[in-house]
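Survey of secondary and tertiary structure
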2 protein chains.
Amino acid sequence: MNIDAYDCGSVKHLSTLFKLLAEPNRLKILCSLGLECRPVSDIIESTELSQTNVSFHLRALREAGLVKPERKGAFIYYCLPDPELLRLLGDFRQWLEEHQKEKLLKKNMKK
Amino acid sequence: MNIDAYDCGSVKHLSTLFKLLAEPNRLKILCSLGLECRPVSDIIESTELSQTNVSFHLRALREAGLVKPERKGAFIYYCLPDPELLRLLGDFRQWLEEHQKEKLLKKNMKK
DNA sequence: CAATCATATGCGTCAATATTCATATGCGTA
DNA sequence: TACGCATATGAATATTGACGCATATGATTG
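What about the relation of the copies chain B and chain A?
Taken as rigid bodies, chain B and chain A are interconverted by a rotation of 179° and an axial shift of 0.0 Å, the fit giving an RMSD of 0.2 Å. Both copies of the chain, as the preceding transformation shows, are related through a two-fold rotation axis. In terms of proximity to the rotation axis, the leading residue of chain B is Phe18(B), whose C-alpha is 2.7 Å off the axis. An overlap of 87% is found between the interface residues of chain B and their copies at the interface of chain A, pointing to a shared contact surface.

What follows is the structure in structure tokens.
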């Protein structure tokens, strides 16, 4: 690997994390949770996904520790154990917005 | 969508970005570039991937605007148009390290 | 122009992942 | 206990994405 290559740490672990975040419905779920804890039924309603599908994605997020389940009676509430993740998502979102402005700018300038 | 749901902006665009970053070899390429501009042959050498494969991933990154090609004679140099992306990767990496110490991502790591 | 080097692209294949349907499990209440 | 609601899981299918091979394109040099 090249001398001044940037150290991304464990590429494998990073990509595992990104893979989880790369699924639109999983992102939707994370965003619909926000900083609150919500029962699965809420998530199903706000994301408009099938129960099976929500459960499937929640499992992936849960096993990765990105969401934490907590039983309350018949319901299971899910929440983010670390809201810092939302900040990171926000950073990316902001970068993306700026980045796309530039891209549009370049496109328009060429014509 | 719920009232206090977190606004992740366009989930579709975000997930497209994460999908690009979720591929280990693409991450490798980005990291091997670092802040420098390098010809494809360099990338092939430092990542130890096949020429076809590097070209394949470079195309994806290029079309998303994550890398920028620049012809110099027979060579095509690639670089990050915005080094800020490396900072974001670094943030994630750091977040990951802190959470690794706890119990996060335990199952996905074994692979 | 021919030969060669650097890089890109079309195509086929294979593996991984998302989605649905049907069904199971766990909890609260009558 | 039996029943209904909330959530999870297994099997089957559909979709996506990575990779290699062969070949094409575009630039350099003789």
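The discussion continues.
Comments concerning helix 3 (residues 40–47) of chain B
Residue and element names in this part refer to chain B. Three or more residues of helix 3 are buried, namely Val40, Ile43, Ser46 and Thr47. On an axial view of helix 3, the arc spanned by its buried residues comes to 130°, and they lie on one face. Of the surrounding elements, those touching the buried residues of helix 3 are helix 2 (24–33), strand 1 (38–39), helix 4 (51–63) and strand 3 (75–79).

A look at the sheet that holds strand 2 (residues 68–72) of chain A
Residue and element names in this part refer to chain A. With antiparallel pairing, the three strands of this open sheet are ordered in space as 1-3-2. Here the strands that pair on one side only, and so sit at the sheet edges, are strand 1 (38–39) and strand 2. Of the strand pairs in this sheet, strand 1 and strand 3 (residues 75–79) are connected by two bridges, and their pairing is antiparallel. Within strand 3, the residue paired with Pro39 across the bridge is Tyr77.

Observations concerning the state of the cysteines
All names here are of chain B. According to the stated counting rule, one finds two disulfides over all chains in the structure shown. Each disulfide pairs two cysteine sulfurs, and for Cys37 the partner residue is Cys79, the sulfurs being separated by 2.3 Å. Where Cys37 bonds to Cys79 through sulfur, the torsion about that S-S bond is close to 85°, and the disulfide is right-handed. Of this pair, Cys37 sits in the loop between helix 2 and strand 1 while Cys79 is found in strand 3, placing the two residues 42 residues apart along the sequence. Under the relative-accessibility criterion, Cys79 is labelled buried at 5%.

What about the protein's contact with DNA strand D?
Around DNA strand D, 24 residues are found, and the nearest of them are Ser41(A), Gln51(A), Tyr78(A), Arg26(B) and His57(B). Counting only atoms of DNA strand D within 4 Å of the protein, the sugar-phosphate share comes to 70%. Separating a base nitrogen of DNA strand D from a side-chain N or O atom of Gln51(A) is a distance of 2.7 Å. One of the side-chain nitrogen or oxygen atoms of Tyr78(A) is found 2.6 Å away from a phosphate oxygen of DNA strand D. Breaking the surface near DNA strand D down by element, the ones donating at least two residues are helix 3 (40–47), helix 4 (51–63) and strand 3 of chain A together with helix 2 and helix 4 of chain B.

Cut-offs used in this document
Residues numbered from 1 in each chain as written. Chains lettered and ligands numbered in written order. Predicted model: local features only at pLDDT ≥ 70, side-chain atom pairs only at ≥ 80, totals over all residues. Heavy atoms only, no water. Least-squares fit on C-alpha atoms with pLDDT ≥ 70 in both. Contact = heavy atoms within 4.5 Å. Buried < 20%, exposed > 50% of the residue type's maximum accessible area, 1.4 Å probe, protein only. Helix = DSSP H or I, 4+ residues; strand = E, 2+ residues; numbered from the N terminus. Arc of directions from axis to C-beta. Pairing = 2+ DSSP bridges. Disulfide = S-S within 2.5 Å. Near = heavy atom within 4 Å. Polar contact = N/O pair within 3.5 Å; in protein donor to acceptor, adjacent residues only side chain to side chain.

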